[in-house]
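# Per-entry structural report
Each chain is listed here by its residues.
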Amino acid sequence: MFSQRVFLVTGGNRGIGFEIVKKLAVSHPNDLILLGSRDQTRGEDALVQLGSPSNVKVVQVDTSSTASIEQVRQEIENKYNGHLDVLINNAGIAPNGKSSRELKDIFNTNFYGVRHMNDTMASILRDNGRIVNVSSEAALLSITHCSSDLKARFLNPNLTETELVELFEPLFKAVEEGKDPDTVGFDPIEYPGLRDAYLVYYAASKLGVTVLSRLEARDWDKNYSTKNVIISSVCPGFCSTDLNNKAEGARPPELGADSILHCVYTENLENGQFWRDGKKLSLEMDEQRS
Ligand SMILES: NC(=O)c1ccc[n+]([C@@H]2O[C@H](COP(=O)([O-])OP(=O)(O)OC[C@H]3O[C@@H](n4cnc5c(N)ncnc54)[C@H](OP(=O)(O)O)[C@@H]3O)[C@@H](O)[C@H]2O)c1
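The record held by UniProt for the protein lists under Sequence similarities (unreviewed entry) the comment "Belongs to the short-chain dehydrogenases/reductases (SDR) family."

## Comments concerning the nonpolar core
Side chains of nonpolar character tend, in soluble globular proteins, to be buried together. Of all hydrophobic cores here, the largest spans 42 residues; its most connected members are Phe154, Leu164, Phe168, Phe186 and Leu283. Secondary-structure elements contributing two or more residues to this core are α4 (100–121), α5 (138–144), α6 (148–154), α7 (161–167), α8 (169–176) and α9 (200–223). Counting residues per element, this core draws most heavily on α9, at ten residues. Discounting chain neighbours no more than four positions away, the residues touching leucine 283 are Ala139, Leu140, Ile143, Leu155, Leu207, Thr210, Val211, Arg214 and Phe274.

## Things to note about the packing of aromatic side chains
Going through the model one piece at a time under the given rule, you end up with eleven aromatic pairs. Judged by centre distance (5.2 Å) and plane angle (80°), the ring pair of phenylalanine 107 and phenylalanine 172 falls under edge-to-face. With phenylalanine 107 in helix α4 and phenylalanine 172 in helix α8, this pair connects stretches of sequence that are 65 residues apart. Residue phenylalanine 107 shares its accessibility class with phenylalanine 172, and that shared class is buried. Here phenylalanine 111 and phenylalanine 168 contribute two aromatic rings whose centre-to-centre distance is 5.4 Å and whose plane-to-plane angle is 65°, an arrangement assigned as edge-to-face. Of this pair, phenylalanine 111 sits in helix α4 while phenylalanine 168 is found in the loop between α7 and α8, placing the two residues 57 residues apart along the sequence. By the burial criterion, phenylalanine 111 is buried, and phenylalanine 168 matches it. The rings of Phe107, Phe111, Tyr112, Phe154, Phe168, Phe172 and Phe186 are connected pair by pair, giving a single aromatic cluster.

## Looking at the pattern of salt bridges
As enumerated under the stated definition, the model contains 21 salt bridges in all. Linking glutamate 161 and arginine 115 is a salt bridge whose minimum nitrogen-to-oxygen distance equals 2.6 Å. Of this pair, glutamate 161 sits in helix α7 while arginine 115 sits in helix α4; the two residues are 46 residues apart in sequence, bridging distant segments of the chain. The closest approach of N and O atoms between glutamate 270 and lysine 280, which form a salt bridge, is 2.7 Å. Placement of the pair is glutamate 270 in the loop between α10 (253–265) and β7 (274–276) and lysine 280 in strand β8 (residues 279–281), with a sequence separation of ten residues. In the salt-bridge network here, residues are joined through shared partners; they are Glu137, Arg251, Arg276 and Asp277.

Conventions we followed
Residues numbered from 1 in each chain as written. Predicted model: local features only at pLDDT ≥ 70, side-chain atom pairs only at ≥ 80, totals over all residues. Heavy atoms only, no water. UniProt positions renumbered as here; feature names shortened; annotations may be inferred. Core = buried A, V, L, I, M, F, W, Y, C linked by side-chain atoms within 4.5 Å. Buried < 20%, exposed > 50% of the residue type's maximum accessible area, 1.4 Å probe, protein only. Helix = DSSP H or I, 4+ residues; strand = E, 2+ residues; numbered from the N terminus. Contact = heavy atoms within 4.5 Å. Phe/Tyr/Trp six-rings, centres within 6.5 Å; stacked < 30°, edge-to-face > 60°. Salt bridge = Lys/Arg side-chain N within 4 Å of Asp/Glu carboxyl O.

Written out as structure tokens, the structure reads:
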């Protein structure tokens, strides 16, 4: 059995993901940190920026592609100890457009990508492993801008993953047909500081990630033989990165990395919860929105 622990961070080549890899590289000199990048060259450039530490390796993974996810699993099996201990699903996008192409792109990376990563990596995740799904407080905006019927369905404690995926199907159909999302229960969202951003799709994808994390935590032991896996969703806080064109007043991405790493390091972390800066957030409590 290899004692060396293996960490994988998707979207590790810039922004918050890069800061996570940087911190892990320093804190885990004897472990292996896999810097996931959808573009190999951008990943190699990021490695150089880190000073090419020997405990960090670049792996190419596009989380919107099931083939790419399967390929990285095989690469870990064949080249990198054959196991994972910590998976940080950080890769994410937030384009502003309203077309059905943008809706599909956002969901492919932010939601389906996370689900495929977790399903695919389950077979190589070791006992006591951790999965951190990077979400956003936009998930809270989404649930508070949903119809009451949709909200009740998202919060149904007996919801299955298949049913969760189905809850977004009317949104895809409506947008495909040129209708507004509010015709199927996803109301417009405004967020101070992001006046020009179109947030409905992004927020819905992050609501999906947070609900998915609860379901994965609830069902993990039923679906997989790995023991004591803790699955969390986490908001890194509003951080100045390319995602928001380095928004004025946003905090440094290092703090976003700390918010995420809280879910890696905290002992006895409550499974399936949604966190920011070590504090639990709840989809059920509207007043937490900031
Ligand atoms: N910044 C914030 O205020 C904020 C707030 C809440 C949540 N978040 C979440 O935090 C995470 C990181 O965001 P960030 O602000 O660091 O964004 P960022 O600076 O734009 O970086 C995004 C990273 O994700 C990668 N990526 C995008 N699509 C990918 C795909 N299909 N496959 C693999 N990698 C992909 C990008 O790779 P390329 O370089 O190849 O494009 C890049 O490395 C995201 O999930 C985001 O939704 C951010």
